[in-house]
Amino acid sequence: FMAGKSHEGYAVYTSIFDDHSPRRLTLMSELRQALEKEELQVYYQPKVAIKTGRLYGAEALVRWNHPKHGFVPPDEFIPMAERTRMIKHLTLWALKQTFGQCAEWHRQGLDLIVSVNLSARDLHDPELPDIITGLAAAAGVKPAWMMLEITESSIMTDPERSLEIIQRLHDMGYRLSIDDFGTGYSSLAYLKKMPLTELKIDKSFVSDVLKSENDAVIVKATINLAHNLGLQVTAEGVENRQVMALLDSYACDLAQGYYLSKPLALGEFNEWMRSDAMDFVNPEFN
Ligand code: C2E
Ligand code: MG
Ligand code: MG
Ligand code: MG
(Lines give C-alpha, C1' and ligand atoms only; values in the text may rest on other atoms or scores of the structure.)
(Ligands and ions follow the chains in the order given, each with its own letter.)
Protein backbone atom coordinates (compact mmCIF):
# COMPACT_ATOMS: atom_id res chain seq x y z
CA PHE A 1 0.00 0.00 0.00
CA MET A 2 0.93 3.65 -0.22
CA ALA A 3 1.83 5.41 2.98
CA GLY A 4 2.60 9.06 3.46
CA LYS A 5 2.36 11.69 6.13
CA SER A 6 -0.44 14.18 6.49
CA HIS A 7 0.13 17.47 8.31
CA GLU A 8 -1.20 15.99 11.55
CA GLY A 9 1.43 13.29 11.35
CA TYR A 10 -0.94 10.50 10.46
CA ALA A 11 0.11 7.75 8.16
CA VAL A 12 -2.16 7.84 5.13
CA TYR A 13 -3.25 4.48 3.77
CA THR A 14 -4.97 3.49 0.64
CA SER A 15 -5.72 -0.18 0.24
CA ILE A 16 -5.62 -1.72 3.71
CA PHE A 17 -8.75 0.14 4.80
CA ASP A 18 -10.62 -0.86 1.70
CA ASP A 19 -14.02 -2.21 2.60
CA HIS A 20 -13.36 -5.50 0.82
CA SER A 21 -9.88 -5.95 2.12
CA PRO A 22 -9.36 -9.07 4.26
CA ARG A 23 -7.47 -6.75 6.62
CA ARG A 24 -10.70 -5.03 7.49
CA LEU A 25 -11.96 -7.79 9.76
CA THR A 26 -8.58 -8.05 11.42
CA LEU A 27 -8.58 -4.32 12.08
CA MET A 28 -12.06 -4.46 13.55
CA SER A 29 -11.09 -7.22 15.96
CA GLU A 30 -7.93 -5.25 16.72
CA LEU A 31 -10.08 -2.22 17.46
CA ARG A 32 -11.94 -4.16 20.13
CA GLN A 33 -8.65 -5.06 21.80
CA ALA A 34 -7.29 -1.57 21.25
CA LEU A 35 -10.08 -0.23 23.45
CA GLU A 36 -8.82 -2.43 26.28
CA LYS A 37 -5.11 -2.03 25.61
CA GLU A 38 -5.18 1.77 25.73
CA GLU A 39 -4.10 2.14 22.13
CA LEU A 40 -6.98 4.55 21.76
CA GLN A 41 -6.72 7.98 23.25
CA VAL A 42 -9.00 10.96 23.45
CA TYR A 43 -7.52 14.22 22.19
CA TYR A 44 -9.11 17.56 23.00
CA GLN A 45 -9.42 20.55 20.67
CA PRO A 46 -10.31 23.91 22.23
CA LYS A 47 -13.40 25.89 21.30
CA VAL A 48 -13.10 29.62 21.85
CA ALA A 49 -15.66 32.44 22.04
CA ILE A 50 -14.78 34.74 19.14
CA LYS A 51 -15.87 38.05 20.70
CA THR A 52 -14.09 37.64 24.03
CA GLY A 53 -11.35 35.10 23.32
CA ARG A 54 -12.61 33.12 26.31
CA LEU A 55 -12.17 29.36 26.32
CA TYR A 56 -15.63 27.80 25.98
CA GLY A 57 -14.79 24.12 26.00
CA ALA A 58 -13.26 21.33 23.95
CA GLU A 59 -14.22 18.68 21.44
CA ALA A 60 -13.13 15.13 22.23
CA LEU A 61 -11.58 13.46 19.17
CA VAL A 62 -10.47 9.88 19.33
CA ARG A 63 -6.99 8.79 18.17
CA TRP A 64 -5.76 5.26 17.49
CA ASN A 65 -2.08 4.71 17.92
CA HIS A 66 -1.76 1.33 16.23
CA PRO A 67 1.40 -0.65 17.18
CA LYS A 68 2.09 -1.59 13.54
CA HIS A 69 0.46 1.16 11.46
CA GLY A 70 1.11 4.19 13.66
CA PHE A 71 -1.62 6.81 13.96
CA VAL A 72 -4.74 5.69 12.16
CA PRO A 73 -7.03 8.68 11.54
CA PRO A 74 -10.63 8.47 12.81
CA ASP A 75 -11.96 9.11 9.31
CA GLU A 76 -10.55 5.67 8.47
CA PHE A 77 -11.70 3.50 11.35
CA ILE A 78 -14.92 5.23 12.48
CA PRO A 79 -16.82 4.67 9.22
CA MET A 80 -15.63 1.06 9.33
CA ALA A 81 -16.75 0.66 12.94
CA GLU A 82 -20.09 2.17 11.96
CA ARG A 83 -20.68 -0.60 9.46
CA THR A 84 -20.17 -3.17 12.19
CA ARG A 85 -21.36 -3.29 15.79
CA MET A 86 -18.00 -1.98 16.95
CA ILE A 87 -19.19 1.61 16.99
CA LYS A 88 -21.26 1.07 20.11
CA HIS A 89 -18.19 -0.08 22.06
CA LEU A 90 -16.23 2.86 20.75
CA THR A 91 -18.94 5.39 21.59
CA LEU A 92 -19.36 4.06 25.13
CA TRP A 93 -15.61 4.10 25.62
CA ALA A 94 -15.38 7.70 24.35
CA LEU A 95 -18.32 8.80 26.54
CA LYS A 96 -16.77 7.20 29.61
CA GLN A 97 -13.42 8.91 29.00
CA THR A 98 -14.86 12.35 28.30
CA PHE A 99 -17.43 12.27 31.12
CA GLY A 100 -14.65 11.39 33.56
CA GLN A 101 -12.39 14.14 32.23
CA CYS A 102 -15.16 16.72 32.19
CA ALA A 103 -16.02 15.96 35.83
CA GLU A 104 -12.32 16.27 36.72
CA TRP A 105 -12.03 19.72 35.06
CA HIS A 106 -15.12 20.90 36.92
CA ARG A 107 -13.66 19.65 40.22
CA GLN A 108 -10.65 21.85 39.39
CA GLY A 109 -12.98 24.83 38.89
CA LEU A 110 -12.68 24.83 35.10
CA ASP A 111 -16.08 25.56 33.65
CA LEU A 112 -15.68 23.78 30.30
CA ILE A 113 -18.34 22.38 28.00
CA VAL A 114 -17.01 19.13 26.55
CA SER A 115 -18.26 17.96 23.16
CA VAL A 116 -18.29 14.34 22.10
CA ASN A 117 -19.27 12.84 18.74
CA LEU A 118 -22.08 10.33 18.33
CA SER A 119 -22.69 8.16 15.25
CA ALA A 120 -25.81 7.43 13.27
CA ARG A 121 -26.15 3.99 14.83
CA ASP A 122 -25.98 5.50 18.33
CA LEU A 123 -28.84 7.80 17.46
CA HIS A 124 -30.99 4.83 16.53
CA ASP A 125 -30.21 2.91 19.72
CA PRO A 126 -33.10 3.17 22.18
CA GLU A 127 -30.77 2.00 24.99
CA LEU A 128 -28.44 4.98 24.57
CA PRO A 129 -30.18 7.52 26.87
CA ASP A 130 -30.24 5.09 29.83
CA ILE A 131 -26.65 4.05 29.22
CA ILE A 132 -25.60 7.70 29.15
CA THR A 133 -27.46 8.35 32.40
CA GLY A 134 -25.53 5.52 34.07
CA LEU A 135 -22.17 6.72 32.76
CA ALA A 136 -22.83 10.33 33.80
CA ALA A 137 -23.87 9.32 37.31
CA ALA A 138 -20.78 7.15 37.71
CA ALA A 139 -18.50 9.97 36.53
CA GLY A 140 -20.23 12.70 38.52
CA VAL A 141 -20.82 14.83 35.47
CA LYS A 142 -23.81 17.14 35.00
CA PRO A 143 -25.53 16.76 31.62
CA ALA A 144 -25.35 20.54 31.08
CA TRP A 145 -21.54 20.29 30.98
CA MET A 146 -21.69 18.00 27.96
CA MET A 147 -22.43 18.68 24.32
CA LEU A 148 -23.36 15.71 22.13
CA GLU A 149 -22.45 16.20 18.46
CA ILE A 150 -24.57 14.52 15.84
CA THR A 151 -24.15 14.92 12.12
CA GLU A 152 -26.78 16.13 9.76
CA SER A 153 -26.54 12.95 7.68
CA SER A 154 -26.90 10.65 10.70
CA ILE A 155 -30.12 12.40 11.67
CA MET A 156 -31.47 12.17 8.14
CA THR A 157 -30.93 8.41 7.77
CA ASP A 158 -33.92 7.94 10.10
CA PRO A 159 -35.26 11.33 11.20
CA GLU A 160 -38.21 10.08 13.26
CA ARG A 161 -36.19 7.64 15.33
CA SER A 162 -33.33 10.14 15.75
CA LEU A 163 -35.71 12.86 16.87
CA GLU A 164 -37.06 10.61 19.61
CA ILE A 165 -33.59 9.89 21.03
CA ILE A 166 -32.50 13.51 20.63
CA GLN A 167 -35.61 14.68 22.47
CA ARG A 168 -34.90 12.32 25.37
CA LEU A 169 -31.27 13.45 25.61
CA HIS A 170 -32.41 17.07 25.54
CA ASP A 171 -34.98 16.41 28.29
CA MET A 172 -32.19 14.87 30.40
CA GLY A 173 -30.28 18.17 30.11
CA TYR A 174 -27.65 17.42 27.46
CA ARG A 175 -26.66 20.07 24.94
CA LEU A 176 -26.94 18.92 21.36
CA SER A 177 -24.94 20.12 18.40
CA ILE A 178 -25.46 19.48 14.71
CA ASP A 179 -22.04 18.72 13.23
CA ASP A 180 -20.65 19.11 9.70
CA PHE A 181 -23.57 21.32 8.79
CA GLY A 182 -23.87 21.93 5.07
CA THR A 183 -22.31 18.65 3.91
CA GLY A 184 -25.39 16.44 4.14
CA TYR A 185 -28.80 17.14 2.80
CA SER A 186 -30.87 18.12 5.76
CA SER A 187 -34.43 19.12 5.84
CA LEU A 188 -34.93 22.48 7.47
CA ALA A 189 -38.33 21.20 8.60
CA TYR A 190 -36.58 18.59 10.80
CA LEU A 191 -33.92 21.01 11.91
CA LYS A 192 -36.66 23.27 13.23
CA LYS A 193 -38.16 20.38 15.25
CA MET A 194 -34.87 19.32 16.85
CA PRO A 195 -34.11 20.68 20.34
CA LEU A 196 -30.57 21.76 19.44
CA THR A 197 -28.14 24.09 21.20
CA GLU A 198 -25.55 24.53 18.49
CA LEU A 199 -24.87 24.32 14.79
CA LYS A 200 -21.32 23.64 13.57
CA ILE A 201 -20.42 24.88 10.13
CA ASP A 202 -18.31 22.31 8.32
CA LYS A 203 -14.67 23.16 7.77
CA SER A 204 -15.00 22.72 4.00
CA PHE A 205 -16.90 26.05 3.91
CA VAL A 206 -14.85 27.78 6.58
CA SER A 207 -11.41 27.03 5.15
CA ASP A 208 -12.20 28.69 1.79
CA VAL A 209 -14.21 31.57 3.15
CA LEU A 210 -11.59 34.15 2.15
CA LYS A 211 -11.07 32.81 -1.37
CA SER A 212 -14.58 31.82 -2.31
CA GLU A 213 -17.34 34.41 -2.46
CA ASN A 214 -19.89 31.56 -2.54
CA ASP A 215 -18.53 30.00 0.64
CA ALA A 216 -18.59 33.40 2.33
CA VAL A 217 -22.25 33.81 1.40
CA ILE A 218 -23.05 30.30 2.67
CA VAL A 219 -21.22 30.83 5.96
CA LYS A 220 -22.88 34.18 6.56
CA ALA A 221 -26.37 32.88 5.70
CA THR A 222 -25.89 29.76 7.86
CA ILE A 223 -24.91 31.89 10.86
CA ASN A 224 -28.02 34.02 10.40
CA LEU A 225 -30.23 30.95 9.92
CA ALA A 226 -28.88 29.37 13.11
CA HIS A 227 -29.29 32.55 15.13
CA ASN A 228 -32.85 32.95 13.89
CA LEU A 229 -33.53 29.38 15.08
CA GLY A 230 -32.05 30.29 18.47
CA LEU A 231 -28.84 28.26 18.05
CA GLN A 232 -25.25 29.21 18.79
CA VAL A 233 -22.79 28.73 15.94
CA THR A 234 -19.33 27.17 15.95
CA ALA A 235 -17.13 27.44 12.88
CA GLU A 236 -14.74 24.49 12.59
CA GLY A 237 -11.52 24.56 10.58
CA VAL A 238 -10.49 28.13 11.48
CA GLU A 239 -6.88 28.23 10.36
CA ASN A 240 -5.85 31.88 10.52
CA ARG A 241 -6.67 35.24 12.05
CA GLN A 242 -8.17 36.62 8.84
CA VAL A 243 -10.85 33.93 8.92
CA MET A 244 -11.34 34.59 12.64
CA ALA A 245 -11.85 38.30 11.92
CA LEU A 246 -14.32 37.61 9.13
CA LEU A 247 -16.30 35.24 11.36
CA ASP A 248 -16.30 37.94 14.05
CA SER A 249 -17.81 40.39 11.56
CA TYR A 250 -20.51 37.79 10.78
CA ALA A 251 -21.28 37.51 14.52
CA CYS A 252 -20.26 33.83 14.63
CA ASP A 253 -20.14 32.75 18.28
CA LEU A 254 -17.38 30.16 18.59
CA ALA A 255 -14.32 29.06 16.67
CA GLN A 256 -12.42 25.79 16.57
CA GLY A 257 -9.38 25.16 14.39
CA TYR A 258 -5.64 25.01 13.95
CA TYR A 259 -5.35 28.81 14.36
CA LEU A 260 -6.32 28.30 18.00
CA SER A 261 -4.91 24.81 18.44
CA LYS A 262 -4.89 21.42 16.82
CA PRO A 263 -6.42 18.58 18.89
CA LEU A 264 -4.12 17.89 21.86
CA ALA A 265 -3.42 14.94 24.13
CA LEU A 266 -4.84 15.53 27.61
CA GLY A 267 -1.53 16.61 29.14
CA GLU A 268 -0.85 19.01 26.27
CA PHE A 269 -4.34 20.44 26.51
CA ASN A 270 -3.98 21.12 30.23
CA GLU A 271 -0.65 22.78 29.53
CA TRP A 272 -2.16 24.81 26.69
CA MET A 273 -4.85 26.14 29.03
CA ARG A 274 -2.25 27.31 31.52
CA SER A 275 0.18 28.73 29.00
CA ASP A 276 0.46 31.96 27.04
CA ALA A 277 -1.49 30.30 24.27
CA MET A 278 -4.58 31.85 25.76
CA ASP A 279 -3.18 35.35 25.03
CA PHE A 280 -2.75 34.26 21.46
CA VAL A 281 -6.44 33.53 21.12
CA ASN A 282 -7.41 36.95 22.37
CA PRO A 283 -5.91 39.42 19.89
CA GLU A 284 -7.51 42.44 18.27
CA PHE A 285 -8.96 40.89 15.15
CA ASN A 286 -9.65 44.04 13.24
P1 C2E B 1 -15.59 16.22 13.29
O2 C2E B 1 -16.40 15.83 14.46
O3 C2E B 1 -16.21 17.14 12.31
O4 C2E B 1 -14.26 16.86 13.90
C5 C2E B 1 -13.55 17.92 13.32
C6 C2E B 1 -12.36 17.43 12.52
O7 C2E B 1 -11.71 18.55 11.94
C8 C2E B 1 -11.29 16.74 13.37
O9 C2E B 1 -10.72 15.73 12.57
C10 C2E B 1 -10.29 17.86 13.62
O11 C2E B 1 -8.99 17.39 13.91
C12 C2E B 1 -10.33 18.56 12.28
N13 C2E B 1 -9.91 19.94 12.37
C14 C2E B 1 -10.05 20.80 13.41
N15 C2E B 1 -9.57 22.02 13.12
C16 C2E B 1 -9.09 21.96 11.86
C17 C2E B 1 -8.45 22.91 10.99
O18 C2E B 1 -8.26 24.08 11.33
N19 C2E B 1 -8.12 22.47 9.75
C20 C2E B 1 -8.36 21.20 9.34
N21 C2E B 1 -7.98 20.85 8.09
N22 C2E B 1 -8.94 20.25 10.13
C23 C2E B 1 -9.31 20.65 11.37
P24 C2E B 1 -10.38 14.29 13.14
O25 C2E B 1 -9.93 14.41 14.56
O26 C2E B 1 -9.49 13.63 12.18
O27 C2E B 1 -11.78 13.56 13.17
C28 C2E B 1 -12.48 13.30 11.99
C29 C2E B 1 -13.89 12.87 12.26
O30 C2E B 1 -13.91 11.60 12.92
C31 C2E B 1 -14.65 13.80 13.18
O32 C2E B 1 -15.10 14.94 12.48
C33 C2E B 1 -15.76 12.88 13.64
O34 C2E B 1 -16.77 12.82 12.68
C35 C2E B 1 -15.07 11.54 13.71
N36 C2E B 1 -14.72 11.26 15.12
C37 C2E B 1 -13.64 11.61 15.84
N38 C2E B 1 -13.70 11.13 17.09
C39 C2E B 1 -14.88 10.46 17.18
C40 C2E B 1 -15.56 9.72 18.23
O41 C2E B 1 -15.10 9.60 19.37
N42 C2E B 1 -16.77 9.16 17.92
C43 C2E B 1 -17.33 9.29 16.67
N44 C2E B 1 -18.52 8.71 16.45
N45 C2E B 1 -16.74 9.99 15.69
C46 C2E B 1 -15.53 10.55 15.92
MG1 MG C 1 -17.53 16.77 15.74
MG1 MG D 1 -17.49 18.64 12.26
MG1 MG E 1 -16.12 16.58 10.06
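Residues numbered from 1 in each chain as written. Chains lettered and ligands numbered in written order. Predicted model: local features only at pLDDT ≥ 70, side-chain atom pairs only at ≥ 80, totals over all residues. Heavy atoms only, no water.

Caption draft 1: Region of the structure containing helix α3 (residues 86-107). With 22 residues, α3 should reach 32 Å at 1.5 Å per residue; the first-to-last C-alpha distance of 32 Å fits that figure. Gly 109, located one to two residues past α3, shows a positive phi value of around 85°. (Helix = DSSP H or I, 4+ residues; strand = E, 2+ residues; numbered from the N terminus. Expected span 1.5 Å × (residues − 1).)

Caption draft 2: Quick peek at the coordination of the magnesium ion (ligand 2). Coordination of the magnesium ion (ligand 2) by the protein comes from Glu 59 (OE), Asn 117 (OD1), Glu 149 (OE) and Asp 179 (OD), over a distance range of 2.0 to 2.2 Å. The class for Asp 179 is buried, based on a relative accessible area of 5%. (Donors = N, O, S within 2.8 Å, 3.2 Å for Na, K, Ca; no water. Buried < 20%, exposed > 50% of the residue type's maximum accessible area, 1.4 Å probe, protein only.)

Caption draft 3: Representation of the site of ligand 1 within the structure. Close to ligand 1 lie 24 residues; Arg 63, Asn 117, Asp 179, Glu 239 and Tyr 258 are nearest. Residue Val 62 places a main-chain N or O atom 3.2 Å away from a nitrogen atom belonging to ligand 1. For ligand 1, an oxygen atom lies 2.8 Å from a polar atom in the side chain of Arg 63. Protein burial of ligand 1: of its 800 Å² of free accessible surface, 90% is covered by the chains. Of all the secondary-structure elements, those providing two or more residues to the shell around ligand 1 are β4 (55-66), α2 (74-82) and β8 (175-181). If one sorts the elements of the shell around ligand 1 by residue count, β4 sits on top with 4 residues. Its residues assigned to classes, the shell around ligand 1 shows 9 nonpolar, 5 polar and 10 charged. (Near = heavy atom within 4 Å. Polar contact = N/O pair within 3.5 Å; in protein donor to acceptor, adjacent residues only side chain to side chain. Areas by Shrake-Rupley, 256 points an atom, 1.4 Å probe, with all protein chains shown as cover. Nonpolar A, V, L, I, M, F, W, Y, C, P; charged D, E, K, R; others polar.)

Caption draft 4: Seen up close, the nonpolar core. Leu 31, Leu 40, Phe 77, Phe 99, Leu 148, Val 238 and Leu 247 are the most contacted members of the largest nonpolar core, which totals 82 residues. Per element, the largest residue contribution to this core is 10 residues, and it comes from α3. Other than its neighbours up to four places away in sequence, Leu 40 contacts Leu 31, Ala 34, Leu 35, Val 62, Arg 63, Trp 64, Leu 90 and Trp 93. One finds Ala 49, Tyr 56, Ile 113 and Met 147 within the second-largest nonpolar core, a separate group that totals 5 residues. (Core = buried A, V, L, I, M, F, W, Y, C linked by side-chain atoms within 4.5 Å. Contact = heavy atoms within 4.5 Å.)

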